[in-house]
Amino acid sequence: MRLGVLDIGSNTAHLRIADLTPGYPPQPVATLKRQIRLAEAISREGVVGRPAIDRLIEAVRETAAVAARHRVNELVPYATAAIRDAANRDAILAEVRAATGVRVGYMDAEQEARLTFLAVRHWFGWSAGPILLADIGGGSMELAYGNGETPDLALGLPLGAGRLTRHRLPDPERVKSKHVRRLREHVESVLAESIGDLRARHRAGQATAVATSRTFAQLARLCGAPRAKAGPHVTRELRRADLRAAIELLACRTPMERAQLPGVSAARARQILAGAVVAEATMAALDLPVVRICPWALREGILLDRLHHSAGHARHLSVVRSESA
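Bear in mind that the values here come from a model prediction, so they are computed numbers and not experimental data.

S.K.: Help me understand the overall build of the protein chain, please; the structure alone is not making it clear to me.
M.R.: Per the secondary structure count, the protein chain includes 12 helices and 12 strands. Here the C-alpha radius of gyration of the protein chain, 19 Å, is about what a compact globule of 325 residues would show, namely 20 Å. The principal-axis extent of the C-alpha atoms belonging to the protein chain is close to 50 × 45 × 40 Å. Once local pairs closer than 6 in sequence are excluded, the contacts in the protein chain between residues at least 24 apart make up 68%.

S.K.: Please clarify how a positive patch on the surface should be interpreted in this entry.
M.R.: A cluster of basic side chains, namely Lys176, Lys178, Arg181 and Arg182, defines a positive patch on the protein surface. One can find Arg182 in helix H6 (residues 177-194).

S.K.: Sorry if this is basic, but what is going on with the layout of surface pockets here?
M.R.: The gaps of empty space that remain are located by a probe, the size of a water molecule, rolled over the atoms. Taken as a whole, the second largest pocket holds about 380 Å³ of empty space. Taken together, 20 residues make up the lining of the second largest pocket; nearest its centre are Ala39, Glu40, Thr165, Arg270 and Gln271. Among the elements that line the lining of the second largest pocket, the one with the most residues is helix H5 (residues 161-168), at 3 residues. Of the residues assigned to the lining of the second largest pocket, the class counts are 10 nonpolar, 5 polar and 5 charged.

S.K.: Hey, could you run me through the packing of helix H8 (residues 214-222) against helix H11 (residues 272-285) in this one?
M.R.: Taken N-terminus to C-terminus, the directions of H8 and H11 make an angle of 90 degrees; their axes are 10 Å apart at the nearest point. It follows that H8 is roughly perpendicular to H11 by the angle criterion. Seen from H8, the contacting residues are Thr215, Phe216, Gln218 and Leu219; seen from H11, they are Ile272, Gly275, Ala276 and Ala279.

S.K.: Explain the nonpolar core to me, please; I cannot follow it from the model alone.
M.R.: Within soluble globular proteins, side chains that are nonpolar tend to cluster in buried spots. Leu157, Leu159, Leu191, Leu198 and Leu273 are the most contacted members of the largest nonpolar core, which totals 52 residues. Here this core takes 10 residues from H11, the largest share from any one element. Not counting chain neighbours up to four residues away, the residues in contact with Leu191 comprise Met141, Leu157, Leu159, Ala281, Thr282 and Ala285. Counting 30 residues, the second largest nonpolar core, distinct from the first, contains Ile53, Val66, Ala82 and Val96.

S.K.: How should the pattern of salt bridges be read in this particular structure?
M.R.: Applying the stated rule across the entire model yields 19 salt bridges. With a shortest N-O distance of 2.7 Å, Glu112 and Arg84 are connected by a salt bridge. Of this pair, Glu112 sits in helix H4 (residues 109-124) while Arg84 sits in helix H2 (residues 81-84), and the two are 28 residues apart along the sequence. As far as burial versus exposure is concerned, Glu112 and Arg84 are alike and both buried. Linked by salt bridges that have partners in common, Arg84, Asp85, Glu112 and Arg163 make up one network.

S.K.: Where do I start with the pairing of strand S4 (residues 74-79) in this structure?
M.R.: The side chains of a regular strand alternate between the sheet's two faces. The sheet contact formed by strand S1 (residues 2-8) and S4 spans 6 bridges and is parallel. Residue pairing across strands places Val5 opposite Val76, the latter belonging to S4. Strand direction decides the pairing type here: S4 and strand S5 (residues 105-106), joined by 2 bridges, are parallel. Along S5, the bridge assignment pairs Ala79 with Tyr106.

So, how was this worked out
Counting of residues starts from 1 at the beginning of each chain's written sequence and follows it residue by residue. Residues qualify for local features only when their pLDDT is at least 70, as the model is predicted, and side-chain atom pairs are given and counted only at 80 or more; totals for whole chains, interfaces and linings, by contrast, use all residues. With hydrogens and water stripped out, all remaining heavy atoms of the structure feed into the side-chain values. Numbering of helices and strands runs from the N terminus; a helix is a DSSP stretch of H or I covering at least four residues, while a strand is a stretch of E covering at least two. For a compact globule the rule gives 2.2 Å times the number of residues to the power 0.38, and the radius of gyration it is set against comes from C-alpha atoms. Residue contacts follow a heavy-atom distance rule, with two residues in contact if any of their heavy atoms lie within 4.5 Å. Patch definition: residues above 30% relative accessible area lacking any salt bridge, with like charges linked at up to 9 Å and the nonpolar side chains Val, Leu, Ile, Met, Phe, Trp and Tyr linked at up to 5 Å. All accessible areas in this document rest on Shrake-Rupley with a 1.4 Å probe, and a residue is counted as covered only by the protein chains that are shown. The salt bridge criterion pairs a side-chain nitrogen of Lys or Arg with a carboxyl oxygen of Asp or Glu, the two atoms within 4 Å. Working convention for charge: Lys and Arg count positive, Asp and Glu count negative, and His plus the chain ends are omitted. Note on charges: their place is set at NZ of Lys, CZ of Arg, CG of Asp or CD of Glu. As defined here, a cavity is a set of points on a 1 Å grid over the protein atoms alone where a 1.4 Å probe fits but cannot get out. A pocket is an open set with protein on both sides within 12 Å along at least five of seven lines, and residues line them when an atom is within 4 Å of a point. Grid points are joined across faces, edges and corners, and a volume is the space filled by probe spheres set on the points. Three categories are distinguished: nonpolar for Ala, Val, Leu, Ile, Met, Phe, Trp, Tyr, Cys and Pro, charged for Asp, Glu, Lys and Arg, and polar for the others, with Gly belonging to the last. Note on geometry: axes are lines fitted to C-alpha atoms, helical ones only across the stretch in contact, with angles between N-to-C directions running from 0 to 180 degrees. When an angle is under 35 degrees it counts as roughly parallel; over 145 it counts as roughly antiparallel; between 65 and 115 it counts as roughly perpendicular; any other value is oblique. The term nonpolar core refers to a set of buried residues drawn from Ala, Val, Leu, Ile, Met, Phe, Trp, Tyr and Cys, joined through side-chain atoms within 4.5 Å. Throughout, exposure labels follow a simple rule: accessible area from a 1.4 Å probe, protein chains only, divided by the maximum for the residue type, with under 20% read as buried, over 50% as exposed, and the rest as partly exposed. For two strands to be treated as a pair, DSSP must find at least two bridges joining them.

Below you can see the structure in the form of structure tokens.
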């Protein structure tokens, strides 16, 4: 079975095509990434603006054509928090469908956490024991804990790096120390209200702490982890002590200057500071001195979920909900 997964995030639309064979990991066939920059086009009322919708439609049209050329058996297009939480979500998805013929669905944050956990479990295997997972996206952060293939506990929090940059850093070009302090206080407050059960389970089970997402990967590289060209199987870690220094480094630079630092991409330079604050505060709240970086995340989780289904197993996760239109 050849499957295409189209991940529509806060910054990019990312298509990954893979062949699925029972007993084997997904075999990559092709990939395509297009910048759509939804996060920067969201008003304070939560409305995605016209130029971003046009970029989204063009990206979906292009990725659908690529999927057709590669003769995919199924295309799974889904939107994450930037679209899911938009005030004009249903209108956007209806317009995308009318313009491209592609019916884009969306997942809630808990569903994202469960699918990402599935990918992480397959990457690290059963020898990792209980896994505590953190995944910082543009609109939300997902956390999950479990000892099986799927988590016993999964939750999503409104602590995405893009969301916090828009709402908590008034001038991301020149960040003031008081705004970083207030951002940290806000993140700590949300965590204190939300992760009590997760923290108790982690302390009882001594879980392997894992982080995934481009935000965590770029922070790890900034803090000294091996480059991407070293390959996916090289061990990469992120230490909380290093994050404290990274936050100071990022806070005193403009986004353009941050993009010159090791590992920081231009697309995420504006929101990487907020991502670093969330990462450090989360690791502190969960008493994690270090997390291991996993190269697999949500897209791989969807591929693996479909692989289970194609092998004749009952699919344990409902992948995508369609828009109401």
